[in-house]
Amino acid sequence: MDLQTLLDERDIVRALSRFARILDNKEWNCLTEVFSNTISFDYGTGEEQVGISALRSNMTRYLDCCGNTQHLIGSIVVDVQGDEAISRAYVQARHQGKNESTGTVYDTNGEYVDQWERQKDGWKIIRRDAIWSMFAGNPAVIGRV
């Protein structure tokens, strides 16, 4: 493995960490720091969606209705091939209720499988598949019943 590949992997891991903080701080305008404007994705619903606006809508639909969140991303594996890469990372997300639901939580666990592309402003996710494997708590915290 050469130095450039190691630096590329580091940049991708840092971008995933930045993504977690974007979610937890609800900095929706910062999603383009990590995702391409033409992102295609399936966030575990079986529904194919395209574009940064669709991604923002997906995030705000679940996270604007809950209180604090903490997204933990780990066990990251990155494979770089020139200007393209694939990463697989486990995600554990805790969502806390707000207002009358304060103290109630909803946890989701799964994996992000991301396709990356080196663009002029750095590595960006061009495709995400979220594969959810475990749920615990009250789904009403994120607006699901």
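Residues numbered from 1 in each chain as written. Predicted model: local features only at pLDDT ≥ 70, side-chain atom pairs only at ≥ 80, totals over all residues. Heavy atoms only, no water.

1. Overview of the pairing of strand 6 (residues 122-137)
So, step 1. Both strand 1 (residues 35-42) and strand 6 contribute to a ladder of 4 bridges, which runs parallel. Paired with Ser40 across the two strands is Arg127, which belongs to strand 6.
So, step 2. Where strand 5 (residues 105-119) meets strand 6, 14 bridges bridge the pair, whose relative direction is antiparallel. Each bridged residue has a counterpart across the sheet, and for Tyr112 the counterpart in strand 6 is Ala130.
So, step 3. Taken together, strand 5 and the strand that follows it, strand 6, pair antiparallel across an intervening segment of 2 residues. (Pairing = 2+ DSSP bridges. Helix = DSSP H or I, 4+ residues; strand = E, 2+ residues; numbered from the N terminus.)

2. Side note on the pairing of strand 3 (residues 69-81)
So, step 1. For strand 3 and strand 4 (residues 84-96), the ladder comprises 11 bridges, and the chain directions are antiparallel. In the sheet register, Val78 faces strand 4, and the bridge partner there is Ser87.

3. Considerations on the side chain of His71
So, step 1. Turning to its location among the elements, His71 is positioned in strand 3.
So, step 2. A polar contact is formed between the side chain of His71 and the side chain of Asp24, at a distance of 2.7 Å.
So, step 3. Aside from chain neighbours lying at most four places away, what touches His71 is Ala20, Leu23, Asp24, Leu63, Gln92, Ala93, His95 and Tyr112. (Polar contact = N/O pair within 3.5 Å; in protein donor to acceptor, adjacent residues only side chain to side chain. Contact = heavy atoms within 4.5 Å.)

4. Things to note about helix 1 (residues 3-24)
So, step 1. The first and last C-alpha atoms of helix 1 sit 32 Å apart over 22 residues, in line with the 32 Å expected at 1.5 Å per residue.
So, step 2. Listing the buried residues of helix 1 in full gives Thr5, Asp8, Glu9, Ile12, Ala15, Leu16, Phe19, Ala20, Ile22 and Leu23. Buried residues of helix 1, seen end-on, are gathered within an arc of 165° and therefore sit on one face of the element. Set apart from the buried face of helix 1 by more than 90 degrees, the exposed residues are Leu3, Arg14 and Arg21.
So, step 3. Next to the buried residues of helix 1 lie strand 1, helix 2 (52-63), strand 3, strand 4, strand 5 and strand 6.
So, step 4. Looking one or two residues past helix 1, Lys26 carries a phi angle of roughly 50°, positive in sign. (Expected span 1.5 Å × (residues − 1). Buried < 20%, exposed > 50% of the residue type's maximum accessible area, 1.4 Å probe, protein only. Arc of directions from axis to C-beta.)

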